[in-house]
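Now for the letters of each chain:
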Amino acid sequence: MSPRSPFSALRWLIALLVLGGMLFLLVERAPEQSTPEPVSVPSEAPAATGTASEVFGEPLPALQSLEELDLDTPPARRGLDLQHWQTSQGTPVYYMQADELPMLDVQILFAAGASRDGELPGLAGFTNAMLNEGTGNLDAGDIAAGFERLGAQFSNSSHRDMGLLGLRTLTASDKLEPALSLFAQILAKPSFPEASLQRIREQMQAGLRYARQRPGSQASEALWSSLYAGHPYGIPPDGTEESINAITRADLQTFQQTYYSAGNAVIALVGAVGRQRAEQLAQHLADAMPQGEAAPRTPAPQPVSASTQHIDFASNQTHVLIAQQGISRDDPDYAALYLGNQILGGGGFGSRLVNEIREQRGLAYSPRSTFSAMQAPGPFYISIQTRADQAEQALDVANQVLDEFILTGPTETELSRAKQQMLGEFPLSTASNGAIVSQLGAIGFYGLPLNYMQLFLDRVQALTAEDIRDAFARHLPASERLIITVGPPQPEPEPEPEPEQDDTESETDGDSATQPPEDENT
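Small disclaimer: the values here were computed from a predicted structure and weren't measured.

**Q** Could you give an account of the overall build of the protein chain, with specific residues and numbers?
**A** Along the backbone of the protein chain there are 20 helices and 13 strands. Within the protein chain, buried positions represent 42% of all 522 residues. In the structure as shown, the protein chain presents an accessible area of about 29500 Å², 53% of it carried by carbon and sulfur atoms.

**Q** Could you give an account of the environment of Ala 335, with specific residues and numbers?
**A** Within the secondary structure, Ala 335 is located in helix 12 (residues 334–346). Each C-alpha atom, one on Ala 335 and one on Gln 461, is 9.7 Å from the other, the two residues being 126 residues apart in sequence. In this view, Ala 335 contacts Phe 456, Arg 459, Val 460 and Leu 463; residues no more than four positions away in its chain are not counted.

**Q** Pulling in residues and values, what's your account of the side chain of Thr 298?
**A** Looking at the element boundaries, Thr 298 is found in the loop between helix 11 (275–288) and strand 9 (307–312). Residue class for Thr 298 comes out buried when judged on its relative accessible area of 5%. Of note is the side chain of Thr 298, whose polar atom sits 3.0 Å from the side chain of Gln 375. Not counting residues up to four positions away in its chain, the partners in contact with Thr 298 are Ser 115, Arg 116, Asp 161, His 231, Tyr 233, Gln 375 and Ala 376.

**Q** How would you explain the layout of surface pockets if you had to name every residue and give the values?
**A** In this structure, the largest pocket encloses a volume near 650 Å³. What lines the largest pocket is a set of 25 residues, and nearest its centre among them are Met 162, Arg 329, Ala 373, Met 374 and Tyr 446. Sort the elements by how many residues they give to the lining of the largest pocket and helix 12 lands first, with five residues. Here the second largest pocket defines a volume of roughly 500 Å³. Taken together, 19 residues line the second largest pocket, and the ones lying closest to its centre are Ala 211, Ser 217, Glu 221, Pro 236 and Asp 238. Elements supplying a minimum of two residues to the lining of the second largest pocket: helix 7 (194–212) and helix 8 (215–227).

**Q** Explain the sheet that holds strand 10 (residues 317–325) to me, and be specific about the residues and the numbers.
**A** Across the sheet, which stays open at both edges, the five strands sit in the order 9-13-10-12-11 with mixed pairing between neighbours. Two strands bound the open sheet, and with one partner strand each, they are strand 9 and strand 11 (368–371). Strand after strand, the sheet turns through a mean of 15° between neighbouring axes, direction not considered.

**Q** Can you explain the pairing of strand 7 (residues 163–170)? Please cite residues and give values.
**A** Counting buried positions over the eight residues of strand 7 gives six, a clear majority of the element. Two elements, strand 6 (residues 153–158) and strand 7, share six bridges in a ladder whose sense is antiparallel. Paired with Ser 158 across the bridge in strand 7 is Gly 163. As consecutive antiparallel partners, strand 6 and strand 7 are separated by four residues.

**Q** Go over the confidence of the model for the protein chain, please, and point to the residues and values.
**A** Counting all residues, the mean pLDDT for the protein chain is 87, and 80% of those residues have values of 70 or more. Note that residues 30–49 has pLDDT below 50 and, in this model, zero contacts with residues that lie over four places away or in other chains. Residue range residues 504–522 is modelled with pLDDT below 50. Its contacts to residues more than four positions away, or to other chains, number three contacts.

**Q** Describe in detail the side chain of Gln 390, supporting the description with residues and values.
**A** Position of Gln 390 among the secondary structure elements: in the loop between strand 12 (379–387) and helix 14 (391–408). A relative accessible area of 16% places Gln 390 in the buried class. Excluding residues within four positions of it along the chain, Gln 390 makes contact with Gly 362 and Leu 363.

**Q** Lay out the packing of helix 12 against helix 15 (residues 412–429) with the relevant residues and their values.
**A** Relative to each other, helix 12 and helix 15 sit at 110°, their axes nearing to 10 Å. With respect to helix 15, the axis of helix 12 lies roughly perpendicular. Judged by residue contacts, Tyr 338, Leu 339 and Ile 343 of helix 12 engage Glu 414, Leu 415, Ala 418, Lys 419 and Met 422 from helix 15. Classifying every residue of the contact of helix 12 with helix 15 gives six nonpolar, no polar and two charged.

**Q** Would you mind going over helix 13 (residues 352–359) in detail, with residue names and values included?
**A** All of the buried residues along helix 13 are Arg 352, Leu 353, Val 354 and Ile 357. Summarising the contacts, the buried residues of helix 13 are in contact with helix 12, strand 11, strand 12, helix 14 and helix 15.

**Q** Kindly report on the nonpolar core, identifying the contributing residues and their values.
**A** Judged by nonpolar contacts, the single largest core of 113 residues is most densely connected at Ile 108 and Leu 285. The element best represented in this core is helix 14, accounting for nine residues. Discounting residues that sit within four places of it in the chain, Ile 108 has contacts with Gly 163, Leu 164, Leu 165, Phe 183, Leu 187, Ala 265, Val 266, Ile 267, Leu 285 and Met 289. Listed in part, the 17 residues of the second largest apolar core include Ala 222, Met 374, Ala 376 and Leu 482.

**Q** Account for the packing of helix 15 against helix 17 (residues 452–462), with residues named and values stated.
**A** One way to put it is that helix 15 packs onto helix 17 with a least axis distance of 10 Å and a crossing angle of 160°. Looking at the two axes, helix 15 sits roughly antiparallel to helix 17. As for the relative orientation of helix 15 and helix 17, their crossing is left-handed in sense. Residues Lys 419, Met 422, Leu 423 and Phe 426 of helix 15 pack against Met 453, Phe 456, Leu 457, Val 460, Gln 461 and Ala 462 of helix 17. Residue composition of the contact of helix 15 with helix 17, by class: eight nonpolar, one polar and one charged.

**Q** Pulling in residues and values, what's your account of the sheet that holds strand 2 (residues 92–97)?
**A** Sheet architecture is open: six strands sit in the order 1-2-8-3-7-6, paired in mixed fashion. Whereas interior strands pair on both sides, the edge strands pair on one side only; in this sheet they are strand 1 (82–86) and strand 6. Geometrically, the sheet is characterised by an average inter-axis angle of 15° between neighbouring strands, direction not taken into account. Sitting on the sheet, helix 16 (residues 433–445) is in contact with strand 1, strand 2, strand 3 (103–110), strand 7 and strand 8 (265–271), with an inclination near 155° to strand 8.

**Q** Could you give me a rundown of the pairing of strand 12, with the residues and numbers involved?
**A** Of the strand pairs in this sheet, strand 10 and strand 12 are connected by nine bridges, and their pairing is antiparallel. Across the sheet, the residue bridging to Ala 323 is Tyr 381, located in strand 12. Where strand 11 and strand 12 come together, four bridges link them in antiparallel fashion. Paired with Ser 369 across the bridge in strand 12 is Ile 382.

Parameters at a glance
- Residues numbered from 1 in each chain as written.
- Predicted model: local features only at pLDDT ≥ 70, side-chain atom pairs only at ≥ 80, totals over all residues.
- Heavy atoms only, no water.
- Helix = DSSP H or I, 4+ residues; strand = E, 2+ residues; numbered from the N terminus.
- Buried < 20%, exposed > 50% of the residue type's maximum accessible area, 1.4 Å probe, protein only.
- Areas by Shrake-Rupley, 256 points an atom, 1.4 Å probe, with all protein chains shown as cover.
- Contact = heavy atoms within 4.5 Å.
- Polar contact = N/O pair within 3.5 Å; in protein donor to acceptor, adjacent residues only side chain to side chain.
- 1 Å grid on protein atoms, 1.4 Å probe; cavity = no way out; pocket = protein on both sides within 12 Å on 5 of 7 lines; lining within 4 Å.
- Points joined across faces, edges and corners; volume = space filled by probe spheres on them.
- Pairing = 2+ DSSP bridges.
- Axes fitted to C-alpha atoms, helices over the stretch in contact; angles between N-to-C directions.
- pLDDT = per-residue confidence, 0-100.
- Parallel < 35°, antiparallel > 145°, perpendicular 65-115°, else oblique.
- Nonpolar A, V, L, I, M, F, W, Y, C, P; charged D, E, K, R; others polar.
- Core = buried A, V, L, I, M, F, W, Y, C linked by side-chain atoms within 4.5 Å.
- Left-handed = near helix turned anticlockwise from the far one by under 90°.

What follows is the structure, given as structure tokens:
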């Protein structure tokens, strides 16, 4: 065991002195603990108030910007200086100058939709799809590259009433003139090349095969063929496999020369070009088109009787359509039916159909109702997609909602809300040149007055609940309502039970039949 060093005890002594000094300093610097005074708490203050503030913090201040909105004042509208004239061929032109952007939107509408197909369903759509596949010495690639090099956009589409061609281009002269020249070549000399013809034909056939796999497409086809049997609107716009195979290049050329003519067109122009320049451009385009006559107006369809149709389709869901013939675009009741439909099922959340079918019963995600106003009366329909075992219930609820709306019309609250919504949405319909040129094209195609957009808003604001109720009652009689369902096979209806026989009468009858009259026994 080693002897203890004399310095070890000294180190312990020094450490104890230092520790004692530190404790003294801490005690001297510590704040004096004062006895807290009792806090007076108002006896009426709820105990939970302090707790909520501690947990959630102070509430955010109210949004003053929303409170300052004047809901009674319509939102500001864009000033629309709409103008109208005709080319030397009589082609109507609708125009608005818009200098905000150095661009020009052109839309040309032809009465060249599927309702003109005649004996070859799909001919109108086939022709429209082939227009930019070649012209003169240019093929489809050259045309696409030409528009792309100029920063221009070409568009085309085909519908039941009309075929459309569109162009968006910059207005700088080195862009505008070559873009319009290329656009005019498409109007004047589509070449319908054989190679493209075969490719488009195969695309249309593939589209038909795809449509057969989609229950929604089958429901739509059944709707049009049932509502418009024997009418041009009943022609399937995508054609059939037989008709698409039968269409020839000569058929396409004949259709283009007949219906894509200056006499059958409406030209709409919106952009940064003056009136004089716009007249020159419209005349240039009309000169490039074949010089033909306007197609006759599509006739009104014959009324149909109420019926029910089910199409078997292997699926867990059922597509339900409630449909009947509606109105034409120039019908005087268009504003009343449009606004009423927003309340019934066209306005999305908040509409009656959505409330009853989705919110109250959870039967379908997005039930909706639609008026397709066309040159001749187009269809009105309610569409629902729901689980197959709920289809019957969803159909019953939709019919009840429709019947109730036809009987009583909207409430004053619903009417006021729908008007406010339309007023708020209207500025969006004129917010872009593309939106305005579409409005102008529709005005010209359906023969509406030039100030139609303002008239429409004025009519909407003047509508009463009785106006809407009466318009629905006039145009949607239940006796013409079709029900179309596409989904799993429906169970066979159970046979009606035979009426119970009266035992007393049976015994009496039996006795009388089996027992000879007393006279005969005798």
